[in-house]
Amino acid sequence: MAESTYRALRDGALEGELAPALTIKDSVASPFALQVFSHVISQLFSSILAGKSQSRGLVVVSFSRSPSFYLDLLKNKGTDVASSNKQIQILDCYSDPLGWKDQLAGSRNFTALSNEALVSSNAIVFREVKHMDKLYNSIIELGKGLVRGGKIRFSIAIDSADEMLRHAPVSSVARLLSNLRSHDHISSIFWLLHSDLHEARVTAVLEYLSSIVASLEPSHQLANGQRGDLENFSLIKHNSKKGKFHVRFKKRNGRVRVMSEEVHIEQSGINFTSLPSEGAINQGLVPKVMVNPYKYMMAGDLWWIANMRDQLLQWKMCRQTRTAAVVRLFITVIQMMRCLILMRTQMMIWISDYACPIC
């Protein structure tokens, strides 16, 4: 299932459609979003280097981590960053987000930027994080520098939507993400979100803008929400090493596919395993055969009508009963017509699904 999420970002956008967008969200109860985010970056960049991805470059917008964090991450995964610097660029919004260090450097001969910002030629410092329009232009400019024009696309990774929401209203952030998704050169985009830092409506806005939402939840809920009990201490320790990874895929026809796995945090990295059968969630795209309540209603009515027909033929019923039977017959016919309409609608949905396969 985590593999399906990665493939959706790797395969990118179809011509004339919005780029796939992934929200990776967690909370203090299961704070593993950064590990998942880092895993997605390393997997996607490996595909870019191998030429197996639609995108030919990666722009990382770093708010909560320094550029060296991501460069070291890729090095630890066996990537030669020095030789692949033409396929990755980092927009450094971490070192001097508001330009204060730059102002100090101009007024007091203060060394504004540490070696962190100058770790390599892959990082470019951005000092105006409050201005979403300027941030958008900088991201697009960096990406176009990687792909060098044409119809070649690039991917975008934003390591903290929280920091953007800290400096700009949700409407400005939503407009930025929406404009990035609709840009012709964007193959895919994904971002990290700590959901418990925001109101539910803010989280809902970012989820609405996403085609994929990955949520991290604790494996075991604490009893009564308490953290201090000895009874809950083992659960807290257990939740610090593993959690549940739920993903919702929004498809072109408006339907949603929900899947779930278990995530394990280890020293060697992050691993995903299938949940036990009793806790697994896997709702596929193929429509399931649903029990139609009209089926049993119609069967009972048909038996009743057949019985009444025999009696009516023998003229053993009074006029009032015959009238009631006719009314019941018309009600049953209307119900049957309604069922036929529902069946026709369901068949049209199935035909649409198979005629336009889901990526």
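For clarity, every value in this text was computed on a predicted model and none was experimentally measured.

1. Thoughts on the packing of aromatic side chains
Pairs of aromatic rings are described using the distance from one ring centre to the other and the angle between the two planes.
Part 1 of the reasoning: Tallied over the entire structure, the rule returns four aromatic pairs.
Part 2 of the reasoning: Taken together, a centroid distance of 6.5 Å and an interplanar angle of 70 degrees make the contact between F37 and Y70 edge-to-face. With a gap of 33 residues between them, F37 in helix 2 (residues 33–50) and Y70 in helix 3 (residues 67–76) connect regions that are remote in the sequence. Taken as a pair, F37 and Y70 share a single burial class, namely buried.
Part 3 of the reasoning: Between F37 and F190, the ring centres sit 5.3 Å apart and the planes meet at 55 degrees, which makes this aromatic pair tilted. Taken together, the residues F37 in helix 2 and F190 in strand 6 (residues 186–194) connect sequence positions 153 residues apart. Each member of the pair F37 and F190 is classed as buried.
Part 4 of the reasoning: Here a set of aromatic residues connected by ring pairs shows up, and it is made of F37, F69, Y70 and F190.
Part 5 of the reasoning: Lying over the aromatic face of F69, R65 brings its terminal NZ or CZ to 5.7 Å of the ring centre.

2. Focus: helix 7 (residues 170–181)
Working note: α-helix, 3.6 residues per turn, so residues spaced by three or four point in the same direction.
Part 1 of the reasoning: Taking 1.5 Å per residue as the helical rise, helix 7 with its twelve residues ought to reach 16 Å, and the 16 Å between its terminal C-alpha atoms agrees with that figure.
Part 2 of the reasoning: Taken together, the buried positions of helix 7 are occupied by S172, V173, A174, L176, L177, L180 and R181.
Part 3 of the reasoning: Buried residues in helix 7 make contact with strand 1 (21–26), helix 5 (132–147), strand 5 (153–158), helix 6 (161–167), strand 6 and helix 8 (200–208).

3. What to know about the packing of helix 1 (residues 2–11) against helix 2
Part 1 of the reasoning: Closest axis-to-axis distance for the helix 1/helix 2 pair is 10 Å, and the angle between their directions is 45 degrees. Comparing their axes, helix 2 and helix 1 come out oblique. Every pair of crossing elements has a handedness; the one defined by helix 1 and helix 2 is right-handed. Side by side, helix 1 and helix 2 meet where Y6, L9 and R10 of the first sit next to V40, Q43, L44 and S47 of the second.
Part 2 of the reasoning: Split by residue class, the contact of helix 1 with helix 2 holds four nonpolar, two polar and one charged.

4. Observations concerning the pairing of strand 8 (residues 242–250)
Part 1 of the reasoning: Across seven bridges, the pairing between strand 7 (residues 212–218) and strand 8 is antiparallel. If you follow I212 over to strand 8, its bridge partner there is F249.
Part 2 of the reasoning: One ladder, built from nine bridges, connects strand 8 with strand 9 (residues 256–266); its direction is antiparallel. Among the inter-strand pairings, K242 is bridged to a residue of strand 9, identified as H264.
Part 3 of the reasoning: Count of turn residues in the strand 8/strand 9 antiparallel hairpin: five residues, of which G254 carries a positive phi of about 90 degrees.

5. A closer look at a nonpolar patch on the surface
Part 1 of the reasoning: On the surface, L329, V333 and M337 cluster together into a nonpolar patch covering about 250 Å² of accessible area.
Part 2 of the reasoning: If you trace the backbone, L329 turns up in helix 11 (residues 319–355).

6. Describing the pattern of salt bridges
Part 1 of the reasoning: Enumeration over the complete set of coordinates arrives at eight salt bridges.
Part 2 of the reasoning: Here E207 and K25 are joined by a salt bridge, their closest N and O atoms 2.4 Å apart. Residue E207 is located in helix 8, and its partner K25 is located in strand 1; the two are separated by 182 residues in the primary sequence.
Part 3 of the reasoning: Exposure remark for E207: the relative accessible area of 12% places this residue in the buried category.

7. So, helix 2
Part 1 of the reasoning: Helix length check: helix 2 (18 residues) gives 26 Å between terminal C-alpha atoms against 26 Å at 1.5 Å per residue, within 8%.
Part 2 of the reasoning: Listing the buried residues of helix 2 in full gives A33, L34, V36, F37, S38, V40, I41, S42, L44, F45, S47 and I48.
Part 3 of the reasoning: Note on helix 2: the residue one or two positions beyond its end, G51, has a positive phi of about 75 degrees.

8. Regarding the side chain of S30
Part 1 of the reasoning: As for its position among the elements, S30 is in the loop between strand 1 and helix 2.
Part 2 of the reasoning: The class for S30 is buried, based on a relative accessible area of 0%.
Part 3 of the reasoning: Look past the residues within four positions of S30 in its chain and what remains in contact with it is L216, E217, P218 and G243.

9. Some remarks on the pairing of strand 9
Part 1 of the reasoning: The sheet contact formed by strand 9 and strand 10 (residues 269–274) spans six bridges and is antiparallel. Residue pairing across strands places H264 opposite N271, the latter belonging to strand 10.
Part 2 of the reasoning: Connecting the antiparallel pair strand 9 and strand 10 is a turn made up of two residues.

10. Some points on the packing of helix 5 against helix 7
Part 1 of the reasoning: Where helix 5 meets helix 7, the axes come as close as 10 Å, and the angle between the chain directions of the two elements is 25 degrees. As judged from the angle between their axes, helix 5 and helix 7 are roughly parallel. Both helix 5 and helix 7 take part in a crossing whose hand is right-handed. On helix 7, the residues that touch M132, D133, L135, Y136, I139 and I140 of helix 5 are S172, V173, R175, L176, N179 and L180.
Part 2 of the reasoning: Residue composition of the contact of helix 5 with helix 7, by class: eight nonpolar, two polar and two charged.

What counts as what
- Residues numbered from 1 in each chain as written.
- Predicted model: local features only at pLDDT ≥ 70, side-chain atom pairs only at ≥ 80, totals over all residues.
- Heavy atoms only, no water.
- Phe/Tyr/Trp six-rings, centres within 6.5 Å; stacked < 30°, edge-to-face > 60°.
- Helix = DSSP H or I, 4+ residues; strand = E, 2+ residues; numbered from the N terminus.
- Buried < 20%, exposed > 50% of the residue type's maximum accessible area, 1.4 Å probe, protein only.
- Lys NZ or Arg CZ within 6 Å of the ring centre and 35° of its normal.
- Expected span 1.5 Å × (residues − 1).
- Contact = heavy atoms within 4.5 Å.
- Axes fitted to C-alpha atoms, helices over the stretch in contact; angles between N-to-C directions.
- Parallel < 35°, antiparallel > 145°, perpendicular 65-115°, else oblique.
- Left-handed = near helix turned anticlockwise from the far one by under 90°.
- Nonpolar A, V, L, I, M, F, W, Y, C, P; charged D, E, K, R; others polar.
- Pairing = 2+ DSSP bridges.
- Patch = residues over 30% accessible without salt bridge, like charges linked within 9 Å, V, L, I, M, F, W, Y side chains within 5 Å.
- Areas by Shrake-Rupley, 256 points an atom, 1.4 Å probe, with all protein chains shown as cover.
- Salt bridge = Lys/Arg side-chain N within 4 Å of Asp/Glu carboxyl O.

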